[in-house]
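# Close look at the chain arrangement
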Amino acid sequence: MTEFEPNIVAFLCNWCSYAGADLAGTSRLKYPPNVKVIRVMCSGRVNPMFVVNALQQGADGVLIGGCHPGDCHYVQGNYFARRRMAILKKLLEYIGIDSRRVRMAWVSAAEGNKFADVIKTVTEDVKQIGPMQHFRRSNEW
Amino acid sequence: MVNLDKLRETVKEMLTREDVKYVVGYEKGTYGFRVSPSFAFIPEDVDKFIFSPLCVNNLTIYPMLEEKLPLPKDEKEDARKIGIVVKGCDSKAAVQIIQEKGMKREHVVLIGVPCTGVVNPRKIKARFSHQGKNVDVEEKNGKFVFVIDGAIHAIPKEELIFDKCKHCENPTPVLYDVLLGDEIHSTEKEDYEEVKAFEERSFGEKWDYWKKQFERCIRCYACRNVCPMCYCKKCMVDQLSPQWVRRSTNLSENAAWNIMRAYHLAGRCIGCGECERVCPMGIPLTELNKKLQKDVKQIFSYTAGLSLDKKPLLAIFSPEDPKEFIL
Amino acid sequence: MTTMEKLVLPKLGIRKLIIGMLAEHRFFGPVDDDGATLFKQIKDPAELDLTFTNSTVPPKALLFKQTETLFKFSLGRSVKIDPVDITNERTIIFGIRPCDAKSLAILDQVFKGDYEDPFYLTRRKNTVLIGLSCTQPGVNCFCTSFKDGPASSENVDVLLTDIGEKYYVEVRSDKGKHLIASMKELLRSAKAEDENNVTYVEEKAIAAITRNMNIEGMVNKLDKMFENSLWKTIAMKCLGCGVCTYLCPTCNCFDIQDETALEKGARVRVWDSCMYPEYTLQASGHNPRPERVNRIRNRVYHKFNYCPKNYGVTACVGCGRCIDNCPVNIDIIDVINKAGEAKV
């Protein structure tokens, strides 16, 4: 039986975490291929609606990658993102969705290794939790 | 609860002011235990105004429902104030909207009514489902008293009031221009017992519960339209490009709608319970809103609708915000 | 249609009757769902709740579905369009009230106009309506205002009336006759005593309806009061929430949307409401009904002026759902009565 391979959607901020992911790539670091990256200019741009929509469309886990506190290219975006995600996770938990599906990580442009580790961690965790079936779109009409 | 003559007198006086356009209050409904919002433009309109334990509506929605349409060239907008009769919970909505800059403080004149609890329409309808004629309800000695066909009914308050009223921390409006009656001080505290109990359940149990509720949603958006805090010019569900939430009614879209609406009310919902009252399917929406209210209070020490000076929850941040969940 | 047969069914026989029907039909009846009564498909008669006044969502939802796939499409070398298989299954709607049955007769005219809607009509053709007379009308029921009644069998195939120990069974159509043909042994002919009981039950129900809407001459009156200030007074209260339209048995506005998932998708019809500003919002940004006053006036006129002119029937059946559920107590009976009294 084929093992469950989760779909992870990662919203990575252009200046730090996306660059970090780039570095992981150029350094030829190995990490699970389950992640699908969407580049945003800042983690503060991530609307919780994106996370919910991703979960609807087939993502088993969602990762939001941002700059370390104090290092945000737009000064404060990551702080706002942190607040939003804290609340969203609480809400999802209350509905019965394991909040380990929605993760946040601070990855700087120099942290290629950390990016690879983050992806490994998130993929492993979501693999353990299982496929996201709760409010997935069936796309069968 | 409140001296009706004083209420009407106060409103009439307010209407004589040049800077007040109209006053919104309550009037008797057309049947049973209903009460209807009432608009007074001239003093004669005020004779209909009442205040009773049946006045459940949150009238602070009305300043947000004003439609601002393009005017003919020389016509200027009528930007006069609106008077609103507010209970304790309603006033918190006004505070929260002003805090968010949704409206200006000067735009409203608040007639505060200290409130000792209102009747839950579902509960009273369950007991008197065939009451056609409109009934007046009074509060006397901890009981709701009313007369139907000559028979006097006196029912203990706790059996009929909303759950929100049982733990009301602000029976006296927190913001008002005029207060009708003495301040009521409450020793009640909202302890979020039910929320905490639900949190203890397993993920599977929680999802089964909410799955069943979301499947019943008919996406009529009554919850959104009655909520004073839902005043976005273009709601997320009405966006077509891109479309976030499809209009089909199935579990996926209904869940997305309810989750996102609850999320958008985080740190903003003041717990008036109107959403749950108007839901035709009786979905327990206040449970979701209460959960976020509790968490926001616990984690960020923020309570919505109490102070005009505070900044909205998601417009600020603190370096001490929770970080344990971040990798 | 005239009454074809008059029979009675002992109360205990209802279970067997339903089981018999379940065998060859999809069977929908009133079910209590956490406080709200809804018409749902059942597998066992025990699931039914026949003590209901009326369902929250009207049974129109079974024929005019809230979400209906019109066709599917997929992207290969070119676009492929697949028609949807409209169910031809025989269906029974059991326990439909006379007002809701009348609403289906009104909806028939909408969906059978110049363009016939295959979705609604196929289902309608394959559906048998077994009505249940109201013995305890709701506080806001006013079907009698339209010269109808709580025990009217005009628009159903079979009407059941609870007369105590038995159900009086009135067969009104070939469909109905055909349906109960196989279960004749459960039924016997009605006697004069049964007929008297029915009359008694019906009169009692009619007497219990206390609210009345003065519909006389309303079409002409409305013609004269388009610009009347009454509409603004009502519109000030209105939240534009749309509950009235979603729960109204005759409302039939809809939206059509394409739902896509990269390489496949479907065109879907969903319920819409004329109370939302987006309903008439045009691509240019212009909205012919920009204010709530326009929309609420339109709704009243649609039901009490345009429909009577176009179809010869008032598009209101007096079920009272809009009155029960309006958050701000906008009461259509009150509105029309006030319109009748308004000075023009």
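Residue positions are given per chain, counted from 1 along the sequence in the order it is written. Here every chain gets a letter starting at A, and every ligand a number starting at 1, in the order they are written. Totals for whole chains, interfaces and linings use all residues, but because this is a predicted model, local features are given only for residues with pLDDT of at least 70 and pairs of side-chain atoms are given and counted only at 80 or more.

### Quick word on the overall build of chain C
Note on conventions: DSSP H or I runs of at least 4 residues are helices, E runs of at least 2 residues are strands, and numbering of each starts at the N terminus. The secondary structure content of chain C amounts to 12 helices and 12 strands. We take the radius of gyration over the C-alpha atoms and set the globule estimate at 2.2 Å times the residue count to the 0.38 power. Here chain C has a C-alpha radius of gyration of 22 Å; the compact-globule value for 344 residues is 20 Å, and the two agree. Exposure classes come from backbone-placed C-beta atoms, where a residue is buried if 20 or more other C-beta atoms lie within 10 Å of its own, exposed if 12 or fewer do, and partly exposed in between. The buried share of chain C, taken over its 344 residues, is 44%. Placing C-beta atoms from the backbone, we regard two residues as in contact once those atoms come within 7 Å. For chain C, the share of sequence-separated contacts (at least 6 apart) that also reach a separation of at least 24 residues comes to 71%.

### Structural notes on the overall build of chain A
The helix and strand tally for chain A stands at four helices and four strands. The linear arrangement of helices and strands in chain A, starting from the amino end, is β-α-β-α-β-α-β-α. Computed over its C-alpha atoms, the radius of gyration of chain A comes to 15 Å, within 12% of the 14 Å expected for a compact globule of 141 residues. In chain A, which comprises 141 residues, the proportion classed as buried is 55%.

### Describing the interface of chain B and chain C
Chain B puts 33 residues into the contact, and the matching count from chain C is 36 residues. Among the secondary structure elements, those contributing two or more residues to the side of chain B that touches chain C are β2 (35-40) and α8 (222-226) of chain B.

### Here we look at the domain arrangement of chain C
Residues and elements named next belong to chain C. Domain extents, as shown, originate in an automatic or database domain assignment. As assigned here, chain C comprises domain 1 (5-208) and domain 2 (218-341). On a C-alpha basis, the centroid separation for the pair domain 1 and domain 2 is 26 Å. Contacts between domain 1 and domain 2 engage 32 residues on the former and 25 residues on the latter. Elements that contribute at least two residues to the side of domain 1 that touches domain 2 include exactly β4 (67-75) and α3 (98-111). Charged residues are taken to be Asp, Glu, Lys and Arg, nonpolar residues to be Ala, Val, Leu, Ile, Met, Phe, Trp, Tyr, Cys and Pro, and polar residues to be all remaining types, Gly included. Looking at the side of domain 1 that touches domain 2, its residues break down into 15 nonpolar, 11 polar and six charged.

### Digging into the confidence of the model for chain C
Confidence scores here are pLDDT values: one per residue, from the predictor, ranging 0 to 100. When pLDDT is averaged along chain C, the result is 94, and 99% of the positions lie at 70 or above. With pTM at 0.95, the complex prediction returns an ipTM value of 0.95.

### Notes on the pairing of strand β9 (residues 166-171) of chain C
All names here are of chain C. In terms of residue burial, β9 counts as a mostly covered element, since six of its six residues are buried. The side-chain alternation of β9 yields two buried faces, one formed by Lys166, Tyr168 and Glu170 and the other by Tyr167, Val169 and Val171. What makes two strands pair is DSSP finding at least two bridges between them. Where strand β1 (residues 5-10) meets β9, six bridges bridge the pair, whose relative direction is antiparallel. Bridging across to β9, Leu9 finds its partner in Tyr167. As judged from the five bridges shared by strand β8 (residues 158-162) and β9, these two strands associate in the antiparallel manner.

### Details of the nonpolar core
Counting 219 residues, the largest nonpolar core has A:Leu91 and B:Ile84 as the members making the most contacts within it. Here this core takes 11 residues from helix α3 (residues 77-95) of chain A, the largest share from any one element. Those residues in contact with A:Leu91 that lie beyond four places of it in its chain are B:Ile259, B:Ala262, B:Tyr263 and B:Leu292. For this entry, the nonpolar core is defined as buried Ala, Val, Leu, Ile, Met, Phe, Trp, Tyr and Cys residues connected by C-beta atoms within 7 Å.

### Side note on the packing of helix α1 (residues 17-26) of chain A against helix α4 (residues 112-129) of chain A
Residue and element names in this part refer to chain A. The convention used is that axes are lines fitted to C-alpha atoms, helices contributing only their stretch in contact, and that angles between N-to-C directions extend from 0 to 180 degrees. Between α1 and α4, the shortest axis-to-axis distance is 7 Å and the interhelical angle comes to 95°. Between α1 and α4, the angle is such that the two are roughly perpendicular. Across from Ser17, Gly20, Ala21, Leu23 and Ala24 in α1, the residues of α4 making contact are Gly112, Lys114, Phe115 and Ala116. Residues belonging to the contact of α1 with α4 are distributed by class as follows: five nonpolar, three polar and one charged. An angle below 35 degrees is treated as roughly parallel, one above 145 as roughly antiparallel, one from 65 to 115 as roughly perpendicular, and anything else as oblique.

### Quick word on the sheet that holds strand β2 (residues 35-40) of chain A
Adjacent strands of a sheet pair through backbone hydrogen bonds, lying either parallel or antiparallel. Residues and elements named next belong to chain A. Pairing in this open sheet of four strands is parallel, and the strands run β2-β1-β3-β4 from one edge to the other. Lying at the two open borders of the sheet, with one neighbouring strand each, are β2 and β4 (102-106). Across this sheet, the average inter-strand angle for adjacent strands is 20°, counted without regard to direction. Inspection of the sheet shows strand β1 (residues 8-13) paired to β2 by six bridges, in the parallel sense. The partner of Leu12 across the bridge, within β2, is Arg39. Across the sheet, α1 lies against β1, β2 and β3 (61-66), angled at about 115° from β1, the strand it touches most. α3 contacts β3 and β4 of the sheet and is inclined by roughly 155° relative to β4.

### Observations regarding the sheet that holds strand β5 (residues 79-83) of chain C
Residues and elements named next belong to chain C. Taken together, four strands build an open sheet; the order of strands is β5-β4-β12-β11 and the sheet is antiparallel. Bordering the open sheet on either side are β5 and β11 (254-261), each of which pairs with just one other strand. For this sheet, the mean angle separating the axes of adjacent strands, direction not counted, is 25°. Across five bridges, the pairing between β4 and β5 is antiparallel. Bridging across to β5, Ser74 finds its partner in Lys80.

### Here's the deal with helix α1 (residues 13-22) of chain C
Every buried residue belonging to α1(C) is among C:Leu17, C:Ile18 and C:Met21, and all of these are buried. Here the buried residues of α1(C) occupy an arc of 95° about the axis, which is enough to place them on one side. Taking the helix axis as origin, the arc is that swept by the directions to the C-beta atoms.

### Points about the packing of helix α2 (residues 48-57) of chain A against helix α9 (residues 251-264) of chain B
Between α2(A) and α9(B), whose axes approach to 10 Å, the crossing angle comes to 160°. Considering the angle they form, α2(A) stands roughly antiparallel to α9(B). Like other packed secondary-structure pairs, α2(A) and α9(B) cross with a definite hand, here right-handed. Where α2(A) abuts α9(B), its residues A:Pro48, A:Met49, A:Val52, A:Asn53 and A:Gln56 lie against B:Ser252, B:Ala256, B:Ile259, B:Met260 and B:Tyr263. Considering only residue class, the contact of α2(A) with α9(B) consists of seven nonpolar, three polar and no charged. With the far helix as reference, a near helix turned anticlockwise by less than a right angle produces a left-handed crossing, and one turned clockwise produces a right-handed crossing.

### Concerning the pairing of β4(C)
Residue and element names in this part refer to chain C. Of the pairings in the sheet, the one linking β4 to strand β12 (residues 264-271) comprises seven bridges and is antiparallel in character. Each bridged residue has a counterpart across the sheet, and for Phe71 the counterpart in β12 is Arg267. A loop of three residues connects β4 with β5, the two strands running antiparallel in sequence.

### Side note on unusual backbone geometry
Of all residues except glycine, most have a negative phi; of all peptide bonds, most are trans. Residues and elements named next belong to chain B. Ser241 connects to Pro242 through a cis peptide bond whose omega is 0°. Tracing the backbone shows Pro242 in the loop between α8 and α9. For Tyr192, which is not glycine, the phi torsion reads 55° and is therefore positive. Even without a glycine there, the phi angle at Ser301 is positive, about 50°. Looking at the secondary structure, you find Ser301 in the segment after α11 (285-300). Residue classification places Ser301 among the exposed residues on the basis of 8 C-beta atoms within 10 Å.

### Some details on the environment of A:Trp15
Residue and element names in this part refer to chain A. By the element assignment, Trp15 lies in the loop between β1 and α1. Distance from Trp15 to Val102, taken between C-alpha atoms, is 21 Å for residues 87 residues apart in sequence. Once residues within four sequence positions are removed from consideration, Trp15 is found in contact with Cys67, His73 and Ala109.

### Observations regarding the environment of B:Arg219
Residue and element names in this part refer to chain B. Counting through the fold element by element, Arg219 comes out in the loop between α7 (203-216) and α8. C-alpha separation for the pair Arg219 and Trp257, spaced 38 residues apart in sequence, amounts to 8.3 Å. Residue contacts for Arg219: discarding those within four places in its chain leaves Thr249, Asn254 and Trp257.

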